[in-house]
Amino acid sequence: MRGRQALKNASDPALVRSAFDLPADQRAAIQTAINETFSADIPLRFQTAPDLISGIELTTTNGQKVAWSIADYLTSLKKGVGELLQTKDKPEPKPAPAPEAKVEPKAEPKPEAKVEPAPEAGPKANLQERQPATATK
């Protein structure tokens, strides 16, 4: 929000820099977009800056800047990679070993007792009992 107030309350025009000279219709489109975005008539001054390398930036009189350019992108990328490398250089805390879980052997089901069927009473049942007794003399 500070940028919005800085643009609305600025006594000097904000600076729009681009890598190449912008034609009048593009300047008018940028002016309209900024006025609509900030709901105010924001005075702008346009400047060509070849050092931007394919980009554009808006700078307020108090030094705040909104930019998109290859140079700005590379600067952001360099900063991000630098921060990433700094965090990679720090030793990572090793997690505390988890207490070992006690694994108890699974209780195997007891085998069921086999029940054999009773012999059937029939012609073959108890053959010994059917044999005639021999007479002893």
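Scroll up to find the structure this text is about.
These numbers come from a predicted model, not from an experiment.

Asks: Report on the overall build of the protein, specifying residues and quantitative values.
Replies: The number of helices and strands found in the protein is four helices and four strands. Taken from N to C terminus, the helices and strands of the protein fall in the order α-β-α-β-β-β-α-α. Out of the 137 residues in the protein, the part that is buried amounts to 16%. Considering only contacts in the protein between residues 6 or more positions apart, those separated by 24 or more positions represent 62%. Total accessible area computed for the protein in this model is approximately 12,300 Å², and 57% of it derives from carbon and sulfur atoms.

Asks: Provide a residue-level description of helix 2 (residues 24-38), including the pertinent values.
Replies: Under the 1.5 Å per step criterion, the end-to-end length of helix 2 is 21 Å for 15 residues, consistent within 8% with the ideal 21 Å. Taken together, the buried positions of helix 2 are Ile34, Asn35 and Phe38. Looking straight down helix 2, one finds that the buried residues subtend no more than 100 degrees of arc, so they occupy a single side. Facing away from the buried side of helix 2 by over 90 degrees, the exposed positions are Asp25 and Glu36. Just past helix 2, the residue Ser39 takes up positive phi, approximately 50 degrees.

Definitions and limits used
- Per chain, the residues get numbers from 1 upward, laid out in the order the sequence is written.
- Only residues with pLDDT of 70 or above have their local features reported here, since the model is predicted, and side-chain atom pairs are shown and tallied only from 80 upward, although totals for entire chains, interfaces and linings are computed over all residues.
- Water and hydrogen atoms were dropped before computing side-chain values, which therefore reflect all heavy atoms in the structure.
- Only DSSP runs of H or I reaching four residues or more are called helices, and only runs of E reaching two or more are called strands; each is numbered from the N terminus.
- Classification of residues uses two cut-offs on accessible area relative to the type maximum, computed with a 1.4 Å probe and protein chains only: under 20% is buried, over 50% is exposed, and between them is partly exposed.
- Contact criterion: two residues are considered in contact whenever any of their non-hydrogen atoms come within 4.5 Å of each other.
- Where accessible areas are quoted, they stem from the Shrake-Rupley method and a 1.4 Å probe; at the residue level, only the protein chains shown are allowed to cover.
- One less than the residue count of a helix, multiplied by 1.5 Å, gives the span that helix is expected to have.
- Comment: arc refers to directions from the helix axis out to C-beta atoms.

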